Amino acid sequence: MTNITSTKPSTGTVAAAPAKARKSVNPLGGVAHLALVLWALATVGPLIWVLLASFKSNEEIFLGTPFALPENYSLDSYTGAWSEANIGQYFLNSVFVVAISTAGTMLLGSMAAYVLARYKFVGNRFIYYLFVSGLAFPTFMALAPLFGIAQSLNLLNSYFGLILIYIAYSLSFTVFFLVAFFRTLPHEIEEAATVDGAGHLRRFFQIMMPMAKSGLISITIFNIVGQWNQYLLPVVIMQGAGSESKWVLTQGIANISVSAGYQAEWGQLFAALTLAILPMIVVYAVFQRQIQAGLTAGAVK
């Protein structure tokens, strides 16, 4: 007699064959990449054209192919712009003004932002919104009253007056950015320093400033670029007898383009533009990681 035993399926877990991962295709991603490529070309194209034109003669610039290589890479346009058009003097003037005004902006702006972010007192929010309101006020609307104030205080045609106005012009964005950044910093370290007897200034300069290093570097670069490229404010302030020797770089470049009309040396103009653009590209390239770290650190609590 044969016994037939029915075999039940095992109750153990049987590993299923891994399914092939399907990579989802997002059509919007391709559109975004295409838009970034077009934006990069629209940004880099004029810079390359200016660089190439700085080595060309007037005939090559107006009669030749726009992106054609120059016949020779002579530095005559650069030497002429530096010495004959006084771009060298204007360049040094800009470095002097921007260096001092940026330092003043960062010192005053960081101290104001620290107080507004970490201390509670009557009028705190009002003062903060007063700074923020400066971001919505167009610069050209303030030119006439600004000229009157500077004239009454004898600040026209002086580096001191221009530096003060640059600082006031940059404080709104500096305070707005750094208030948000200081609020993200932990309170425990500051409280420990207070228990150890650290005063307000010591806590700010020895504790909070090192902790906010990335944010300070980011806003410093933004202020340098903004003040370096400023044109309207120097035109209003730096005028009068002997003002030409105190012009900043943007005024000198504009003077090249209008002084001789159609007989202008356009190669010198584009050489001056190149000299004005390159320092900002170098500054951003050197501090690119710090800028990105400061922006992301201030956005996450």
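What counts as what
- Each residue is numbered by its place in its chain's sequence as written, counting from 1.
- Local features in a predicted model are, by the rule used here, given only for residues with pLDDT of at least 70; side-chain atom pairs are given and counted only at 80 or more, and totals for whole chains, interfaces and linings are based on all residues.
- Excluded from the side-chain calculations are hydrogens and water; all other atoms, namely the structure's heavy atoms, are used.
- Put simply, DSSP marks the helices as runs of H or I at least four residues long and the strands as runs of E at least two long, and each gets a number from the N terminus on.
- Whether a residue is buried, partly exposed or exposed follows from its accessible area with a 1.4 Å probe, protein chains only, as a fraction of its type maximum: under 20%, in between, or over 50%, in that order.
- Contact definition: two residues touch when any of their heavy atoms are within 4.5 Å.
- In these tables, accessible area is a Shrake-Rupley quantity obtained with a 1.4 Å probe, and a residue counts as shielded only by the protein chains included in the view.
- For patch building, the residue pool is restricted to those with more than 30% relative accessible area and no salt bridge; the joining distance is 9 Å between like charges and 5 Å between nonpolar side chains (Val, Leu, Ile, Met, Phe, Trp, Tyr).
- Criterion for a salt bridge: a side-chain nitrogen of Lys or Arg within 4 Å of a carboxyl oxygen of Asp or Glu.
- The score called pLDDT rates the predictor's confidence residue by residue, from a low of 0 to a high of 100.
- Two rings from Phe, Tyr or Trp (for Trp, the six-membered ring) form a pair when their centres are within 6.5 Å of each other. A pair whose planes differ by under 30 degrees is stacked, one over 60 is edge-to-face, and the rest are tilted.
- Side-chain atoms within 4.5 Å are what join buried Ala, Val, Leu, Ile, Met, Phe, Trp, Tyr and Cys residues into a set we call a nonpolar core.
- To obtain each axis, a line is fitted to C-alpha atoms, and for helices this fit is confined to the stretch in contact; angles are then taken between N-to-C directions over 0 to 180 degrees.
- Angles below 35 degrees are treated as roughly parallel, those above 145 as roughly antiparallel, those between 65 and 115 as roughly perpendicular, and all remaining angles as oblique.
- Nonpolar residues are Ala, Val, Leu, Ile, Met, Phe, Trp, Tyr, Cys and Pro. Charged residues are Asp, Glu, Lys and Arg, and all others, Gly as well, are polar.

**Remarks on the overall build of the protein**
The helix and strand inventory of the protein stands at 14 helices and zero strands. From first element to last, N terminus to C terminus, the protein shows the α and β order α-α-α-α-α-α-α-α-α-α-α-α-α-α. Counting the 301 residues in the protein, one finds 35% classified as buried. Summarising the internal contacts of the protein: among those between residues at least 6 apart in sequence, 76% fall at separations of at least 24. Carbon and sulfur atoms form 68% of the exposed surface of the protein, whose accessible area is close to 18,800 Å².

**Points about a nonpolar patch on the surface**
A cluster of nonpolar side chains, F137, F140, M141, Y231, L232 and V235, forms an exposed patch at the surface whose accessible area comes to about 590 Å². Along the chain, the position of F140 falls in the loop between α5 (124-133) and α6 (143-152).

**Concerning unusual backbone geometry**
Most peptide bonds take the trans configuration, and most residues that are not glycine carry a negative phi. Positive phi outside glycine occurs at N86, with the angle close to 60°. Backbone geometry places N157, a non-glycine residue, at a positive phi of 55°. With respect to the helices, strands and loops of the structure, N157 is situated in the loop between α6 and α7 (159-183).

**Quick look at the confidence of the model for the protein**
With 86% of its residues at a pLDDT of 70 or more, the protein has an overall mean of 85. Confidence, expressed as mean pLDDT per element, reaches its minimum in the protein at helix α14 (residues 288-297) with 70 and its maximum at helix α4 (residues 87-118) with 95. Below pLDDT 50 for its whole length, residues 1-15 participates in zero contacts with residues either more than four positions away or in separate chains.

**Points about the packing of aromatic side chains**
In this structure the tally under the stated criterion is 15 aromatic pairs. Measuring from centroid to centroid gives 6.0 Å for Y90 and W247, while their planes differ by 40°, and the two rings are tilted. Taken together, the positions of Y90 in helix α4 and W247 in the loop between α11 (232-237) and α12 (249-259) put the pair 157 residues apart, joining distant regions of the chain. On the basis of relative accessibility, which here comes to 2%, the residue Y90 falls in the buried class.

**Here we look at the nonpolar core**
Counting 35 residues, the largest nonpolar core has I87, L162, W228, I237, L249, I253 and I256 as the members making the most contacts within it. Counting only elements with at least two residues in this core, the list comes to α3 (76-84), α4, α6, α7, α10 (213-228), α11, α12 and α13 (266-286). Core analysis: the second largest hydrophobic core is formed by 18 residues, A117, L178, F181 and L185 among them.

**Things to note about the pattern of salt bridges**
For the structure shown, the criterion picks out two salt bridges. Here R118 makes a salt bridge to E190, at a shortest N to O gap of 2.8 Å. Taken together, the residues span a long stretch of sequence, with R118 in helix α4 and E190 in helix α8 (residues 188-195) at a distance of 72 residues. Between E190 and R203 there is a salt bridge; the shortest N-O distance is 3.9 Å. Here R203 lies in helix α9 (residues 200-211) and E190 lies in helix α8, a separation of 13 residues in the sequence.

**A look at the packing of α4 against α9**
Here α4 crosses α9 at 100°, and the two axes come no closer than 12 Å. Between α4 and α9, the crossing angle belongs to the class labelled roughly perpendicular. Facing α4, whose interface residues are L107, S110, M111, Y114 and R118, α9 presents L201, R203, F204, F205, M208 and M209. Classifying every residue of the contact of α4 with α9 by side-chain character gives eight nonpolar, one polar and two charged.

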